[in-house]
Amino acid sequence: MVQWFRNSDNDSTRKELTRRGFDLGWISEDARPAMPDRETVQQRWHNDQAIMLPGILTDVIDSYAVDIASAHQLMEKTLNGAEIAPQIESEPYASRLNPKFPLISALFEEHDEQCIEKLMFDAEKDGEVIAEELWCKASWLSFHDDDASMRFRFSFGMEGYEDVAADPARQMLASELTDAIFPESAAITEHEKLNQLLAEMVGSKPVYTERIIYFNAPNGGAQMHHDVERGHLGVVFAQLSGSTGWLAMAKPVLIDEIRAFLALPESESALANTLPEPADRQELRELASDRAALSLHMDQFDHELSEALMDRCPEFIQHLFDRGYGYILGPGDVLLMPQRDLETCVWHTVFCLGDDPGEALSFALRTI
Ligand SMILES: [Fe+2]
């Protein structure tokens, strides 16, 4: 189990939870979790519970060391201000992209302030264009000056408007584009044991789409969110380098825990540090008194009241770790998160642990 502490107490096994300037405690594992058996994996998946597969990729991770090092280099050069397109047009990328994925353009989207650079590709076969507007988009994970977390996301078409699930052929080409730029993707896609486990879990051959390569950096990570999208069943997250700390639980469970925490007498003083306005605390309490209202509020783009509690209140974060929803991932570890629908999906929050940014793969899981 992952244990939460207020301080480090000079214990080097404790890792700091700091995100975007907020100090949210320290965590350590009292023991490495055991590999769940097939039955437990299936049971947890169908009960909308996160599933950690500790060390499942350890046997292959070394064989991708060169690719992981290249990915780190690409990330670091990008952080230092280098444009991505010229990097992608040289080796080791050029020979893997050509002739199938010609780079068409590089966009710097002004309407999206988090966008670093968006690379647009065609897909060709025998010299004929078979798909257009495949893209790899590099973005910051936040606007915080001291958070260097970034990601490379792969998809196609009009972002936010396209029904990507309706075009599996193009979706697969976007996945192949990921393989060409980040061949370490095969740590997931070609891993026999993992694929067998997932095939049994979802009842058919797993397919990995809507891929994201993450570099969570110190002081960064992701706020509490879900990843429900039409056409996919959940997320497979694999840590390849570095380390991340997680909280992950189904939305109804999270709602239960918010209500349980707010019922504690000590919650008022804890909350006062995060939501200093008494009216805000009152409004959050009123929302939480009605499960449906709280659920609806959490689904709003702006859900600052619950966000303050979930992302910035150390005592609530402690509450969730104490209740057993915490995970620590290192190289070779995988976390599965079912995303059945908006009501049942696993919400999750991510922290970078340690002093170095790490690479991780986050792939949507679907079946053919
Ligand atoms: Fe996510």
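Undergrad: Sorry, what's going on with the nonpolar core here?
TA: Looking at soluble globular proteins, one finds that nonpolar side chains tend to be buried together. With 55 residues, the main nonpolar core has Phe121 and Phe152 as its most contacted residues. For this core, the leading source of residues is helix α8 (residues 192-202), giving five residues. Here Phe152 is in contact with Leu74, Ile84, Cys136, Lys137, Ala138, Phe182, Arg211, Ile212, Ile213 and Phe215, once residues within four sequence places are set aside. If you look at the next biggest cluster of nonpolar residues, it comprises 36 residues, including Ala288, Leu305, Phe316 and Ile317.

Undergrad: Please explain the pattern of salt bridges as it appears in this structure.
TA: It is possible for side chains bearing opposite charge to pair when their charged atoms get close. Per the counting criterion, the structure on display carries 25 salt bridges. In this structure, Glu210 and Arg153 form a salt bridge, with 4.0 Å as the shortest nitrogen-oxygen distance. Residue Glu210 is found in strand β9 (residues 206-216), and its partner Arg153 is found in strand β8 (residues 150-156); the two are separated by 57 residues along the sequence. There is no split in this pair, since Glu210 and Arg153 are both buried. For Arg285, the salt bridge is made with Glu268, and the minimal N-O distance between the two is 2.9 Å. Taken together, the residues Arg285 in helix α11 (residues 278-288) and Glu268 in helix α10 (residues 267-274) connect sequence positions 17 residues apart.

Undergrad: So what exactly am I meant to see when it comes to the coordination of the iron ion here?
TA: Around a metal, the ideal angle is 109.5 degrees if four donors adopt a tetrahedral arrangement and 90 or 180 degrees if six donors adopt an octahedral arrangement. Protein-derived ligands of the iron ion are His225 (NE2), Asp227 (OD) and His348 (NE2), with the metal-ligand distances lying across 2.1 to 2.2 Å. Positions of the donor residues of the iron ion, expressed as sequence spacing, correspond to H-x1-D-x120-H. Note that Asp227 is positioned in the loop between β10 (221-225) and β11 (234-239) and His348 in strand β15 (residues 346-353), a separation of 121 residues in sequence. Overall, the relative accessible area of 2% leaves His348 in the buried class.

The rules behind the values
For every chain, the first residue of the written sequence is number 1, and numbering continues from 1 along that sequence. It should be noted that, the model being predicted, local features are given only for residues of pLDDT at least 70 and side-chain atom pairs only at 80 or more, the latter also being counted only at that level, while totals for whole chains, interfaces and linings use all residues. The side-chain quantities take in all heavy atoms of the structure and omit both hydrogens and water. Remark: nonpolar core denotes a set of buried residues (Ala, Val, Leu, Ile, Met, Phe, Trp, Tyr, Cys) joined through side-chain atoms within 4.5 Å. The rule is simple: take the accessible area with a 1.4 Å probe, protein chains only, and divide by the maximum for that residue type; under 20% is buried, over 50% is exposed, in between is partly exposed. Only DSSP runs of H or I covering at least 4 residues are called helices, and only runs of E covering at least 2 are called strands; the numbering of each starts at the N terminus. Contact criterion: two residues are considered in contact whenever any of their non-hydrogen atoms come within 4.5 Å of each other. When a carboxyl oxygen of Asp or Glu is within 4 Å of a side-chain nitrogen of Lys or Arg, the pair counts as a salt bridge. We call an atom a donor if it is N, O or S and sits within 2.8 Å of the metal, or 3.2 Å for Na, K and Ca. Water is not counted, so some sites may look partial.

What is shown is where atoms sit, not what they do.
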